[in-house]
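The residues making up each chain are set out below.
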Amino acid sequence: TLNPEQNATEEFTFSDEHKYARTADIICKFNDEVWLLDIKTSNSLHKSYDLQLAAYAKAWEEQTGQKIDKTGIIWLKSSKRGPSKRKGVYQGRGWELRIVEDIDENFELFKLIYKLYALENPTTEPIYKEYPTTLRL
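Presented here is a report on the structure given in the accompanying data block. Here the structure is a predicted model, which is why all the values come from computation and not from measurement. (Residues numbered from 1 in each chain as written. Predicted model: local features only at pLDDT ≥ 70, side-chain atom pairs only at ≥ 80, totals over all residues. Heavy atoms only, no water.)

## As for the pattern of salt bridges
Here is the rule: Throughout this description, the term salt bridge denotes a Lys or Arg side-chain nitrogen within 4 Å of a carboxyl oxygen of Asp or Glu. Helical segments are the DSSP runs of H or I of at least four residues, strand segments are the runs of E of at least two, and each set is numbered from the N terminus.
Taken as a whole, this structure holds six salt bridges when the rule is applied. The residue D104 makes a salt bridge to K58 at a minimum N-O spacing of 2.5 Å. Residue D104 is found in helix 2 (residues 103–120), and its partner K58 is found in helix 1 (residues 47–64); the two are separated by 46 residues along the sequence. What you see here is one network of salt bridges that share partners, running through K58, E61 and D104.

## Considerations on the nonpolar core
Selection criterion: Throughout, nonpolar core names a set of buried Ala, Val, Leu, Ile, Met, Phe, Trp, Tyr and Cys residues whose side chains join them through atoms within 4.5 Å. Buried, partly exposed and exposed residues are distinguished by accessible area as a fraction of the type maximum, computed with a 1.4 Å probe on protein chains only: under 20%, between the cut-offs, and over 50%, respectively. By definition, residues are in contact when any of their heavy atoms lie within 4.5 Å.
In this structure, Y20, I27, L36, I68, I73, F107 and F110 are the most contacted members of the largest nonpolar core, which totals 21 residues. At the level of secondary structure, the elements contributing two or more residues to this core comprise strand 2 (20–30), strand 3 (33–40), helix 1, strand 4 (70–75) and helix 2. Considering every element that reaches this core, the biggest residue donor is helix 1, with nine residues. Setting aside residues up to four positions removed in sequence, F107 forms contacts with H18, Y20, A54, A55 and K58. I26, C28, L37 and L97 belong to the second-largest nonpolar core, a separate cluster that totals six residues.

## What about the environment of D38?
The condition is simple: Nitrogen and oxygen atoms within 3.5 Å of one another constitute a polar contact, given that in protein one can donate a hydrogen and the other can accept it, and given that sequence-neighbouring residues count only through two side-chain atoms.
In this structure, D38 sits in strand 3. Sequence separation between D38 and I74 is 36 residues; the distance between their C-alpha atoms is 6.1 Å. Leave out the neighbours within four places in its chain, and D38 touches D25, Q52, L53, Y56, G72, I73 and I74. Among the polar contacts made by the side chain of D38, one reaches the side chain of K40 at a distance of 3.0 Å.

## Quick look at unusual backbone geometry
For N31, which is not glycine, the phi torsion reads 50° and is therefore positive. Note on placement: N31 falls in the loop between strand 2 and strand 3. Judged by its relative accessible area of 55%, N31 falls in the exposed class. Even without glycine at this site, D32 takes up a positive phi of about 60°. Mapped onto the elements, D32 comes out in the loop between strand 2 and strand 3.

## Looking at the packing of aromatic side chains
The condition is simple: Here the aromatic set is Phe, Tyr and Trp, taking the six-membered ring for Trp, and pairing holds for ring centres within 6.5 Å; pairs whose planes are under 30 degrees apart are stacked, those over 60 apart are edge-to-face, and all others are tilted.
Evaluated as defined, the whole model comprises seven aromatic pairs. Here the aromatic rings of Y20 and F110 are separated by 5.1 Å at their centres, their planes lie at 70°, and the arrangement is edge-to-face. Of the two residues, Y20 sits in strand 2 while F110 sits in helix 2, which places them 90 residues apart along the sequence. Looking at Y20, the relative accessible area reads 13%, which means it is buried. Between F110 and Y114, the ring centres sit 5.8 Å apart and the planes meet at 15°, which makes this aromatic pair stacked. Here Y114 and F110 lie together in helix 2, a separation of four residues that amounts to about one turn.

## Considering helix 2
Which entries qualify depends on this criterion: In a helix, the anticipated span is given by 1.5 Å times the number of residues less one. It is the directions from the helix axis to the C-beta atoms that the arc portrays.
Counted at 1.5 Å a residue, the expected span for helix 2 with its 18 residues is 26 Å, and the 26 Å between its end C-alpha atoms agrees. Those residues of helix 2 lying buried are I103, N106, F107 and F110. Taken down its axis, helix 2 places every buried residue within 100° of arc, on the same side. Helix 2 presents E105, L112, K115, L116 and L119 as exposed residues on the side facing more than 90 degrees away from its buried surface.

Next up, the structure:
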C-alpha cells in the first residue's frame, strides 16, 4: 500500500472477487488524494482506457482497503504545445494528464463487458497460474 515514505509506485493489482489482475503504472498521493494513473503512448485515447482505470482502482481498493480518489491517463502523444494557464489542467509540450471521472460508473461498464467476454469465452484460463520466486541463469 502507499505509505508516507512513498511518493509514487507501480503496483500489481488483482481482484479475487472479479477474477482479473494487472499492473497499475502509477499510484501516488497528489494534493492529499490517492491517484491511480496509467501511461499511454497511443495516437488517441479510447473509452476502454477509462474502464481499465476503474478496474485497477477497484482492485486496489479490494486488495488494500485504500480508496482511490482520482484516476487519470498521462498521454505522451498529446498535441499540447505547452503548460496550461487554467487551474487543474496539467499539460506540457507533447503530453497531458487526462483526468478520468466516474470510477464507479466506469467499473459497472467494465463488469458488463467482462461478463460478455466470459459468455463468449467460457473456458479461458489465465496464461500463468504461478510465478517463480527464483530464477536461474
